[in-house]
Amino acid sequence: MEEFVKSRIKQVLKGDHNAFGEIVEVYKDRIYQLCYRMLGNAHEAEDTSQEAFIRAYVNIDRFNINRKFSTWLYRIATNLCIDRIRKKKPDYFLDAEVKGTDGLNLYSQVQSKEMTPDEKVAKMELQELIQMEILNLPEKYRSAIVLKYIEELSLKEISEVLDLPIGTVKTRIHRGREVLRKQLRNI
C-alpha cells in the first residue's frame, strides 16, 4: 500500500492534484478514527481530519518520500488534535454521543459477534465509560494510549508521530495505563 501511496505522491508533486484524492480515500477512515478517539466528538473529528489532509496536501513537498506517509499523516493529525485539546475551555466537556441517534455512539457501528441486546447495552456503556476516561487523561498520555491501543501503531511509529524517544513513549503508555487502571478500578 505504501508503494501505491508513494506513486500518488509523486504524481501530486508533478502537478496531478487529483492523485491526492486517492490518498485521502486510503487514509480517511483511519485519520477520522484517530481524531475521534482523541477528541471524543464526531464533528470535531471530521473538521480535524479534513484539516489534516489539507495540511498534508499543502505541505506535500516537505514530505520525505523515503519515509512512511502514514506516519507523517498521523503526526499531522495528532498534532492538530493536541492543538484543539489545548484550546478547549476547561469546563467544556464533550461526550461520544452522535447527535440525532438517541444515545447511540460510534461504538454501535463496530461489527462483532451476535450479542443479546442487554450485552450490547452493557458493552456500549462500558465503552462510553472507557472513552470518557481516555478523554480525561492528560494529553501526553492520551495521544500515546490512542496511538498504541486504538490505532495499533508500533512503538517506533508512535515515536515518529509524537517526535519522542521510544523510551519516553513506553513511559507514557505505561503511565497512561496506570492512570486508566486507577480510574476504572471500581468497574
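Residues numbered from 1 in each chain as written. Predicted model: local features only at pLDDT ≥ 70, side-chain atom pairs only at ≥ 80, totals over all residues. Heavy atoms only, no water.

Chemist: I tried to follow the overall build of the protein chain on my own but got confused; where do I start?
Modeler: Along its length, the protein chain carries 8 helices and 0 strands. Listing every helix and strand of the protein chain by position from the N terminus yields α-α-α-α-α-α-α-α. Out of the 187 residues in the protein chain, the part that is buried amounts to 40%. At a minimum sequence separation of 6, the contacts of the protein chain that also span at least 24 residues come to 65%. Put simply, the protein chain shows about 11,300 Å² of open surface, and 49% of that area lies on carbon and sulfur atoms. (Helix = DSSP H or I, 4+ residues; strand = E, 2+ residues; numbered from the N terminus. Buried < 20%, exposed > 50% of the residue type's maximum accessible area, 1.4 Å probe, protein only. Contact = heavy atoms within 4.5 Å. Areas by Shrake-Rupley, 256 points an atom, 1.4 Å probe, with all protein chains shown as cover.)

Chemist: It is not clear to me how the pattern of salt bridges should be interpreted in this structure. Could you clarify?
Modeler: Note that side chains of opposite charge can pair when their charged atoms are close. Applying the stated rule across the entire model yields 9 salt bridges. Two residues, Lys28 and Glu25, come together in a salt bridge whose shortest N-O distance is 3.1 Å. With a gap of 3 residues between them, Lys28 and Glu25 both fall in helix H2 (residues 19-39), about one helical turn apart. A salt bridge links Glu157 to Lys68; the nearest nitrogen and oxygen atoms lie 2.7 Å apart. With Glu157 in helix H7 (residues 155-162) and Lys68 in the loop between helix H3 (42-58) and helix H4 (69-87), the pair connects residues that are 89 residues apart, well separated along the chain. (Salt bridge = Lys/Arg side-chain N within 4 Å of Asp/Glu carboxyl O.)

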